[in-house]
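Summary of structural features
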Number of protein chains: 4
Amino acid sequence: MIKVGIVGGSGYTGAELLRLLARHPYARVEHLTSRKEAGKPVTEMFPQLRGFFDGLEFTAPDIAALAGCDAVFFATPHSTAMQMAPELVSRGVRVVDLSADFRLRDAAVYKQWYGHAHACPDLLEAAVYGLPEIKREHIRRASVVGNPGCYPTAVQLGFLPLLEARAVDAESLIADCKSGVSGAGRELKLGSLFAEATDSFKAYGVAGHRHLPEIEQGLVGIAGPAVSLTFTPHLVPMVRGIHATLYARVKGDLDYQALFEARYRDEPFVDVMPAGAAPDTRSVRASNTCRIAVHRPMGRDTVVVLAVIDNLVKGAAGQAVQNFNLMFGFDEVTALDQPPVWP
Amino acid sequence: MIKVGIVGGSGYTGAELLRLLARHPYARVEHLTSRKEAGKPVTEMFPQLRGFFDGLEFTAPDIAALAGCDAVFFATPHSTAMQMAPELVSRGVRVVDLSADFRLRDAAVYKQWYGHAHACPDLLEAAVYGLPEIKREHIRRASVVGNPGCYPTAVQLGFLPLLEARAVDAESLIADCKSGVSGAGRELKLGSLFAEATDSFKAYGVAGHRHLPEIEQGLVGIAGPAVSLTFTPHLVPMVRGIHATLYARVKGDLDYQALFEARYRDEPFVDVMPAGAAPDTRSVRASNTCRIAVHRPMGRDTVVVLAVIDNLVKGAAGQAVQNFNLMFGFDEVTALDQPPVWP
Amino acid sequence: MIKVGIVGGSGYTGAELLRLLARHPYARVEHLTSRKEAGKPVTEMFPQLRGFFDGLEFTAPDIAALAGCDAVFFATPHSTAMQMAPELVSRGVRVVDLSADFRLRDAAVYKQWYGHAHACPDLLEAAVYGLPEIKREHIRRASVVGNPGCYPTAVQLGFLPLLEARAVDAESLIADCKSGVSGAGRELKLGSLFAEATDSFKAYGVAGHRHLPEIEQGLVGIAGPAVSLTFTPHLVPMVRGIHATLYARVKGDLDYQALFEARYRDEPFVDVMPAGAAPDTRSVRASNTCRIAVHRPMGRDTVVVLAVIDNLVKGAAGQAVQNFNLMFGFDEVTALDQPPVWP
Amino acid sequence: MIKVGIVGGSGYTGAELLRLLARHPYARVEHLTSRKEAGKPVTEMFPQLRGFFDGLEFTAPDIAALAGCDAVFFATPHSTAMQMAPELVSRGVRVVDLSADFRLRDAAVYKQWYGHAHACPDLLEAAVYGLPEIKREHIRRASVVGNPGCYPTAVQLGFLPLLEARAVDAESLIADCKSGVSGAGRELKLGSLFAEATDSFKAYGVAGHRHLPEIEQGLVGIAGPAVSLTFTPHLVPMVRGIHATLYARVKGDLDYQALFEARYRDEPFVDVMPAGAAPDTRSVRASNTCRIAVHRPMGRDTVVVLAVIDNLVKGAAGQAVQNFNLMFGFDEVTALDQPPVWP
């Protein structure tokens, strides 16, 4: 039984980690920390978990207690994990960070986008980017996994086969992305109010969004430095889900359907849809699966990839559990094998 | 391994049965029938089930094939199960009917509310009403279980402790109920269109709703014939969920909180909330649990009970699997032990 | 041209006042105050009003400037209007308060429910409760109108004919009410977040809600002191709308349809639906109309009234403009004569 | 007073025409036709219009009666207007067709995309494409106006200034568009059911959508034949609204903000937002305005235009009334001058 700690467990990704780990046969959540909610029973904050985590309380973050865990998940905003991870790692704890602290390889890029210096650039260098479809073997051996952002997961999985095959021009990529509102987290922000977000649609972060350098880092890793992406996020009045519509100019002519099917044939959490399909986000609700469809509309020179995930699962907590399974040698699909919740 | 058939599996309750049975360790879905979709692969109708039921196709309903099953679920509209059940039962199949065909004990009442005579009143008499919190031992031995309606489940569980304790006037009961739109099924009806139902709220069936006789039958079974209920259903712009707000005039004075806690202490799927709570429907989304809170506002003479369920789970497919577990001697919570999906 | 000031204009009711007054032929909004947003152009806070209020800025609340107006609307939380109204009234300004400060006749009841003493009990005594269907002539002459709460508007209009006719037992009334989320205002509260409120339904304020004394005050005004109401509010995942489902035990037998039609025949903003109807909240979206239907289900002894309004219009800003029209001698329907927005 | 007829008035665009014309000072709706609903009072089909169109009934389509109108709007599916328009035009009626029958200049293209031959290619040739921002003077004189599709309105208004200025490469245009569900109309289709569309997001028509030739026709009209557009529609779980996110590769360097502001300075229904803004669809709900913002993210070579409209207003009925105003010499904003409904 792996002893698990969750830091910052009072938000949506924390709750989602608890939901997934509740039925993990080899994980036991022993510590769940939150500065603001210390002392509160988990089932008081999360009534939906009554019967699953009775007796567990939020505690104040405490390195000593967390160091007694085998694995610690950080479900915190950026800049918390990088403060605490070095101590934990030095004491043998394996860390999965759901924030951005360990995603960007280049500490200078981190500083540019997050506004402050990285607290442990050495550990950053050793950390592994937690996208199993690319980094599986590294994740197995990692001390620290930087769990990818939600948009970057969908966008990289969608572009991956095309870039690997050098099938498209990597300098004119477009990712038009749409996310449910849970992606904004549980903080009290005007734009997250029901009456602000429902029955409406808008773009945001058009000038530049923190996920852009993370996505480009991944695409460069596949296609080389000549990569340029226009990334436009949008807010959809739904709880969960990310839909990425990706555009790329084709070079030459390929059977794109076969390309995607071959690349993802052995991936347990990437499902390539039949030709002509258009996956909807609800088809992966509460599931760790990414569904993808590739099109070449009107036979013209633009290929269009549609990729859907659940932002809280494959975009956060599910991918974190998938990485945890790899790190501790469990079947990769452990605790991630329930069908989506539909309709 | 119990061989399972599902008749009329192309609607929401059929899909929900598949979701729940996908991970049932002792059930294998062998037949899934639908008149309209015969020949279609299940994963073509339900892409969310890709990877779970690959290879399974809808077939035309065929008594001979279904008779080879150990258990058959009817996820059909009313009047189908009563046509097919007698033959199946005579061949040793155990039946769980999610329609209304086997809920009303009195064939005359059935005819009055459903417009035609009951096809097998003898089997109706032998059938067991599938509310485990009242009929557990009968369900274990039943050949045919009439799975309760969604509203009746929430309303009966909400009123049950008060009526058993003779704590309220049973002739002035009020059930103001609110349901998500999946309760209307997957048929093409104007009122079920997104642009008709979203961002709006209304009552329906005020003059009299088919669930009324079913609820009153259950309440009479507890409190005796002097029962009268005003039942008002409403439509909420959400997918899943039923919230019942129940009103009753108190007789005498009791510790209602203690009453409910005691009555449901040993029930795996009824969760009595702490005093003062107000459960929301999303706290049981995708779960078989019914959460209840009891109030006596302003210390006056009206007790108010709040009861929430997921209409597709405890209100239909989940309760059906719960009954299946009882009928076949499995742990009652088998395949029903996942935390709710939240937010 | 009536010079209008709006205090606390940066929330939903403030925005709704602006929308309605934008096309009022005789009103000109000259002052719009907000402590937090002073200096900000209105169209920066409310882009939807670009082209309608270009040039108008929020200013800090300033009694002297407001005293230059003919009419001032308070769209503030409780306890602001009562601080400022006396000075304004003494300088000849006519006041419409959308908060609770001037609704409750009894200053002791105000203190009991709002937690502090009323700042101007004399002015409270002179103030008029702004429900035109009952107080029309008083409103015409009022210096201060206490604009009713949203739930109280729907509930009083729904019960009114029955109580006036002594047709029901006034000591066992039940109001089961459902509101869209804009009713909670634009404050940053956890329960108002999209991911908390959408796709879910719950009750709140069950133990006692501030609208209860306001409603009972109104019902007592019609039926005498022997009035007792159980009032249960609920939150619906929609932006606008209140649906009140009212229950009362009948005394004797009346043609309730005719009763309601007669009572409201000459009311421009109360629409009694044909027998058997069930009005939906969207049928009055953005409109000042209250639609009502009355039922006597199954011919039993409970009459059920369904009443729908738009909480921001007839429940707040629309009713305020209706009162303003009465106070200044305009046609009562001025600026309130647009059809609802549907679907 | 212009006598108006509406053919096919029982759907969403028909209801929206009624809402807008209800308060048009110079239009009187005399005929409202529907095959299925003939004989039904309008207020029975549309309770929200009670008090506005009492006495008006749906009638069966009757050319003779319609010929007595001055103006006839067709709110029908494609291929109805082209059957009836020639007769009406020959009798002096001026026609505004909200369907696709008179949008495509080339009858061969019509046949290719709609599956059957055009019934009156001569009238098609004389018809005017009803986008006032481009065709204002032609519309004033037109006998038949082909009212643009919803997506085409947003996309053409968004690209217009860039193409007129030759500022972008017209052969690599991308329009990623998102629409509310009312755009699918009131027909009973599985995908339009609430439980199918809510809380989910998906693309559709990726292989080729009927609006593509209409959009490209418009863009070619500005930029010449070398135009190629990738157009991807998506479905958003909201009632109204279209958000178009447009991508184009820049040629040279311009002050795009100034370009858009200058182009639309005198347009009453196009609002160019301040630099850096991102308009949301609700900011134009129930309004005929199109709001646009132009960005050049990260200073790279792709310009991104965001354009929002209400699909039922500027995307259909509002634009139709705007065209009607031009055709009959009224102030262009007549009956279209109400602020949006917000939140």
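The structure displayed is predicted, hence computed values, not measured ones.

1. Comments concerning the relation of the copies chain C and chain A
- It takes a turn of 180° to lay chain C on chain A, together with a shift of 0.0 Å along the axis; the resulting RMSD is 0.0 Å. Both chain copies can therefore be described as sitting about a two-fold axis.
- The share of interface residues of chain C whose copies in chain A are also at the interface is 100%, consistent with both copies meeting through the same surface.

2. Considering the interface of chain D and chain A
- In this assembly, 47 residues from chain D lie in contact with 47 residues from chain A.
- At the boundary of chain D with chain A, total buried surface from both sides reaches about 3,700 Å², with 55% on carbon and sulfur atoms.
- Three residues, Asp199, Phe201 and Arg300 of chain D, lead the burial of chain D against chain A; their summed loss comes to 16% of the area buried on that side.
- Where chain D packs against chain A, one counts eight salt bridges.
- We note a salt bridge from aspartate 199 of chain A to arginine 285 of chain D, for which the minimum N-O separation is 3.1 Å.
- Contributions of two or more residues to the side of chain D that touches chain A are made by strand 8 (173-179), helix 9 (194-197), strand 9 (202-203), helix 10 (211-223), strand 10 (229-235), strand 11 (242-249) and strand 14 (302-309) of chain D.

3. Quick word on the pattern of salt bridges
- Applying the stated criterion across every chain yields a total of 100 salt bridges over all chains.
- Across the pair arginine 19 of chain A and glutamate 16 of chain A runs a salt bridge, and its minimum N-O distance is 2.8 Å. Of the two residues, arginine 19 of chain A and glutamate 16 of chain A are both situated in helix 1 (residues 12-21); the distance of three residues between them amounts to about one turn of the helix.
- Owing to a relative accessible area of 10%, arginine 19 of chain A belongs among the buried residues under this scheme.
- Among the salt bridges present, the one from arginine 263 of chain D reaches glutamate 164 of chain D, with a minimum N-O distance of 2.8 Å. On the criterion of sequence distance, the pair formed by arginine 263 of chain D in helix 11 (residues 256-264) and glutamate 164 of chain D in helix 8 (residues 150-164) is long-range, its members being 99 residues apart.
- Looking at arginine 263 of chain D, the relative accessible area reads 23%, which means it is partly exposed.

4. Thoughts on the sheet that holds strand 7 (residues 144-146) of chain A
Residues and elements named next belong to chain A.
- In spatial order, the strands read 3-2-1-4-5-7-6; together these seven strands make up an open sheet with parallel pairing. Of all the strands in the sheet, just strand 3 (58-59) and strand 6 (128-129) have a single pairing partner and so form its edges.
- Alignment of strand 6 against strand 7, held across two bridges, turns out to be parallel. Bridging from a neighbouring strand, tyrosine 129 pairs with glycine 146 of strand 7.
- On top of the sheet, helix 4 (residues 81-90) reaches strand 1 (2-7), strand 4 (71-74), strand 5 (94-97) and strand 7; it is set at about 175° to strand 4, its chief contact.

5. Quick word on the packing of helix 1 of chain A against helix 12 (residues 313-327) of chain A
Residues and elements named next belong to chain A.
- Their axes nearest at 9 Å, the elements helix 1 and helix 12 cross at an angle of 45°. By the criterion of interaxial angle, the relationship of helix 1 to helix 12 is oblique. Crossing geometry of helix 1 relative to helix 12 is assigned as right-handed. Mapping the contact onto sequence places Thr13, Glu16, Leu17, Arg19, Leu20 and Leu21 in helix 1 and Val313, Ala316, Ala317, Gly318, Ala320 and Val321 in helix 12.
- Of the residues that constitute the contact of helix 1 with helix 12, the class distribution is eight nonpolar, two polar and two charged.

6. Some points on the interface of chain C and chain A
- Listed per partner, the contact involves 18 residues of chain C and 18 residues of chain A.
- Interface area, chain C with chain A, both sides summed: about 1,600 Å², of which 73% is carbon and sulfur.
- At the surface where chain C touches chain A, the tally comes to two salt bridges.
- Between glutamate 196 of chain C and arginine 186 of chain A there is a salt bridge; the shortest N-O distance is 2.8 Å.
- On inspection of chain C and its partner chain A, the count reaches six residue pairs in polar contact (both at pLDDT 80 or more).
- Here the element with the most residues in the side of chain C that touches chain A is helix 9 (residues 194-197) of chain C; it accounts for four residues.
- Taken together, the residues that form the side of chain C that touches chain A break down as eleven nonpolar, three polar and four charged.

7. Digging into the UniProt feature "active site" (unreviewed entry) in chain A
- Residues annotated by UniProt as "active site" (unreviewed entry) correspond here to Cys150 of chain A.
- Excluding residues within four positions of it along the chain, cysteine 150 of chain A makes contact with His211, Ile242, Ile309, Asn311 and Gly315 of chain A.

8. Regarding the relation of the copies chain D and chain A
- Relative to chain A, chain D is turned by 180° and slid 0.0 Å along the rotation axis, the superposed coordinates differing by an RMSD of 0.0 Å.
- Looking at chain D, 100% of its interface residues are interface residues in chain A too, so the copies touch through the same face.

9. Concerning the environment of cysteine 120 of chain C
Residues and elements named next belong to chain C.
- Take cysteine 120: it is sitting in the loop between helix 5 (107-114) and helix 6 (121-126).
- You can call cysteine 120 buried: its relative accessible area is 8%.
- For the pair formed by cysteine 120 and proline 86, sequence separation is 34 residues and the distance between their alpha carbons is 7.2 Å.
- Aside from chain neighbours lying at most four places away, what touches cysteine 120 is Met82, Pro86 and Phe102.

Scoring rules and cut-offs
Residues numbered from 1 in each chain as written. Chains lettered and ligands numbered in written order. Predicted model: local features only at pLDDT ≥ 70, side-chain atom pairs only at ≥ 80, totals over all residues. Heavy atoms only, no water. Least-squares fit on C-alpha atoms with pLDDT ≥ 70 in both. Contact = heavy atoms within 4.5 Å. Buried area = accessible area lost by both parts, 1.4 Å probe. Salt bridge = Lys/Arg side-chain N within 4 Å of Asp/Glu carboxyl O. Helix = DSSP H or I, 4+ residues; strand = E, 2+ residues; numbered from the N terminus. Buried < 20%, exposed > 50% of the residue type's maximum accessible area, 1.4 Å probe, protein only. Pairing = 2+ DSSP bridges. Axes fitted to C-alpha atoms, helices over the stretch in contact; angles between N-to-C directions. Parallel < 35°, antiparallel > 145°, perpendicular 65-115°, else oblique. Left-handed = near helix turned anticlockwise from the far one by under 90°. Nonpolar A, V, L, I, M, F, W, Y, C, P; charged D, E, K, R; others polar. Polar contact = N/O pair within 3.5 Å; in protein donor to acceptor, adjacent residues only side chain to side chain. UniProt positions renumbered as here; feature names shortened; annotations may be inferred.

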